[in-house]
Amino acid sequence: MLIGIALVTQMVSVPVFIISRDTYTTSGWTAVKDFTFTVAEFVPIYSELAFFLVVVVCCVALFINIFRFPKLRPSQNVGSFASKPSATTNTGYYLFLLILVLSLIAPLNLWMFNNGISLTGVDPPRLPFRLSGILHYLTSLVVPVVLAVIYAKTSRSYVPAIFLMIYAFVLGATQVSKGTLLLVMLPILYCAVVDRKYLLLSISAIFTLVAVQLVSLLRNVVYVVIAGKSGADSVDGLMLTLDKMVSAGFDNFSIANTFSLIVDRIEGAQHIILASKFNADAIGGVAAAFQWFNFNPWNVFDADNYHIELIGITLPEGFVSGGGGLLSKALLVTQSEPLYIAAFAINVAAYVLIGEWIARSVSLKYAVPTYYYIVGGLYILFFYVGSGSKVFFGILSVLILIVLLPKMSARSFCRKKKLDQCSVVPASKS
């Protein structure tokens, strides 16, 4: 999964990056510094990345044989990694549950948008009991996972898919976030592939491309900069904000650009080029950069120094140039030094092995082959784009907890209850 993400993103990103080379500048959001798009510049950068990926694969292959990982069942191959809901499944009940959850959570998303809560890059209002943070993680992480589980139990046909697609856009628009939109769309795309519903797959894929582009255009209407600090103009509500976006026009709307928007959200070629030219001294040196990669709070560096070194300018408070995904970090953290790259690859391999252990353990524990791919995919995706973040470690903690806790299900609960009843022996009469 990790190697697949790296290869697919670059197969899309590099050609688009080269085609649109005239749009890039030496500094700013479109910075590439002194990069001139020649083959001689690409080769050493991507050779170092190839070396990084080879070391990762070799380390994982070595240690997965040294340590005794849970053995997957022979049936857990790529051709049998998902199953459709059985005919006995009460899909109507789960469709009702899906609609109920959406009808309860959508008004909350709209209220949060009106009050500037959970908008990407904008400081939320201070609410008691840390409600701003709780609501953000609830709506951007917990709810999408719950919806994915419920959707998987439905018929996975057009009706539940349409409801979920509409909510995906509502969530992405109210948080001005492409990531949350994609997170809600993933179960639809995933199930359409494994169910071989190619028409639904085509419709949902086109919807995803259009919705991502609209959310990107919405940022031009929502975001404002006041006294050098990012803010949001969302008090009028989502519908009026969408009307403003329509009035502003769709001159920049392009389905072709959406592919690069989605890929860049994970790993863009521009980020890799900038990372290859980054001096780690701006964030405290290579050792401090390794600490930041493993856990961000271990190295709280000056944002202005970071941005000046990365893209040549400072940004208003609240705006951040993320610096890319795992490939970019392999160059940014190590200053493109082969010895440091090898050490970084070993570090990454350790995280991959943890994810492999978790995915295998959950799949075997609940005897559901699909869980291996769902858990593994979720883990790798968040690690790839958010290694070291509190969000990633929150997900890691929950997954480890699932592995360590006793298996809980309705069937096991009923069996335990019956055993407890049988163990009660009535006292004999004297």
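Here the structure is a predicted model, which means the values were calculated and not measured. (Residues numbered from 1 in each chain as written. Predicted model: local features only at pLDDT ≥ 70, side-chain atom pairs only at ≥ 80, totals over all residues. Heavy atoms only, no water.)

The number of helices and strands found in the protein chain is 17 helices and 2 strands. Looking at the protein chain as a whole, 42% of its 430 residues qualify as buried. Taking contacts inside the protein chain between residues at least 6 apart in sequence as the whole, the part at least 24 apart equals 75%. Counting every atom, the protein chain has about 22,300 Å² of accessible surface; 67% of that belongs to carbon and sulfur. (Helix = DSSP H or I, 4+ residues; strand = E, 2+ residues; numbered from the N terminus. Buried < 20%, exposed > 50% of the residue type's maximum accessible area, 1.4 Å probe, protein only. Contact = heavy atoms within 4.5 Å. Areas by Shrake-Rupley, 256 points an atom, 1.4 Å probe, with all protein chains shown as cover.)

Our focus in this paragraph is the nonpolar core. Core analysis: the biggest nonpolar cluster contains 69 residues, and L2, F17, F52, L326, F344 and V348 have the highest contact counts within it. When residues of this core are assigned to their parent elements, the largest contribution, 11 residues, is made by helix α14 (residues 338-366). Of all hydrophobic cores here, the second largest spans 42 residues; its members include L98, F113, Y167 and L218. (Core = buried A, V, L, I, M, F, W, Y, C linked by side-chain atoms within 4.5 Å.)

Glancing now at the packing of aromatic side chains. Applying the stated rule across the entire model yields 28 aromatic pairs. The interplanar angle of 40° and the centroid separation of 4.7 Å between the aromatic rings of F17 and F37 together place this pair among those described as tilted. One end of the pair, F17, is in helix α1 (residues 2-19); the other, F37, is in the loop between α1 and α2 (39-66), with 20 residues separating them in the sequence. Residue classification places F37 among the buried positions, given a relative accessible area of 16%. Site record: aromatic cluster; members linked through ring pairs are F52, F290, F293, F295, W298, F344, Y351, Y379, F383, F392 and F393. (Phe/Tyr/Trp six-rings, centres within 6.5 Å; stacked < 30°, edge-to-face > 60°.)

For helix α10 (residues 269-276), a buried count of 7 out of 8 residues is recorded, marking the element as mostly surrounded by other parts of the structure. Restricting attention to buried positions, one finds in α10 the residues A269, Q270, H271, I272, I273, L274 and A275.

This paragraph deals with the pattern of salt bridges. Following the criterion strictly, the structure yields 5 salt bridges and no others. A salt bridge links R156 to D195; the shortest N-O distance between them is 2.7 Å. Residue R156 is found in the loop between α4 (131-153) and α5 (158-175), and its partner D195 is found in the loop between α6 (178-194) and α7 (198-222); the two are separated by 39 residues along the sequence. Both residues of the pair, R156 and D195, count as buried. Its salt-bridge partner being D236, residue K244 comes within 3.1 Å of it at the nearest N-O pair. Residue K244 is classed as partly exposed on the basis of its relative accessible area, which comes to 32%. Judged by its relative accessible area of 39%, D236 is partly exposed. (Salt bridge = Lys/Arg side-chain N within 4 Å of Asp/Glu carboxyl O.)

A few words now on the environment of L378. Considering the arrangement of structural elements, one finds L378 in helix α15 (residues 369-386). When its relative accessible area of 27% is taken as the criterion, L378 is described as partly exposed. Residues L378 and A359, 19 residues apart in the sequence, show an inter-C-alpha distance of 9.7 Å.

Turning next to helix α16 (residues 390-404). Between the first and last C-alpha of α16 there are 21 Å, a value that for 15 residues agrees with the 21 Å anticipated at 1.5 Å per step. Looking at the buried side of α16, the elements it contacts are α14 and α15. (Expected span 1.5 Å × (residues − 1).)

On to the side chain of N347, then. Tracing the backbone through its elements, the reader meets N347 in helix α14. Given a relative accessible area of 16%, N347 falls into the buried group. Once residues within four sequence positions are removed from consideration, N347 is found in contact with F290, F293 and N294.

We now examine the confidence of the model for the protein chain. Model confidence for the protein chain is summarised by a mean pLDDT of 85, while 87% of its residues fall at 70 or above. Mean pLDDT values for the elements of the protein chain range from 52 in helix α17 (residues 410-422) up to 95 in helix α13 (residues 326-332). Contacts from residues 77-82, a stretch scored under 50 in pLDDT, to residues over four places away or in other chains number 12 contacts. (pLDDT = per-residue confidence, 0-100.)

Another point: unusual backbone geometry. The backbone phi angle of S118 is positive, close to 70°, even though this residue is not glycine. Positioned with a positive phi, Q335 is a non-glycine residue whose angle comes to about 55°. If you trace the backbone, Q335 turns up in the loop between α13 and α14. Relative accessible area serves as the criterion here: at 29%, Q335 is assigned to the partly exposed category.

All right, on to the packing of α14 against α15 then. Each pair of packed helices can be described by the angle between their axes along with the distance between the axes. Interhelical geometry of α14 versus α15 gives an angle of 155° and a closest axis separation of 8 Å. Regarding the angle of α14 to α15, the classification is roughly antiparallel. Two packed elements cross with a definite hand, and for α14 against α15 that hand is right-handed. Listed contacts from α15 to V348, Y351, I354, G355, E356, I358, A359, R360, V362, S363 and Y366 of α14 are P369, Y371, Y372, V375, G376, Y379 and F383. (Axes fitted to C-alpha atoms, helices over the stretch in contact; angles between N-to-C directions. Parallel < 35°, antiparallel > 145°, perpendicular 65-115°, else oblique. Left-handed = near helix turned anticlockwise from the far one by under 90°.)

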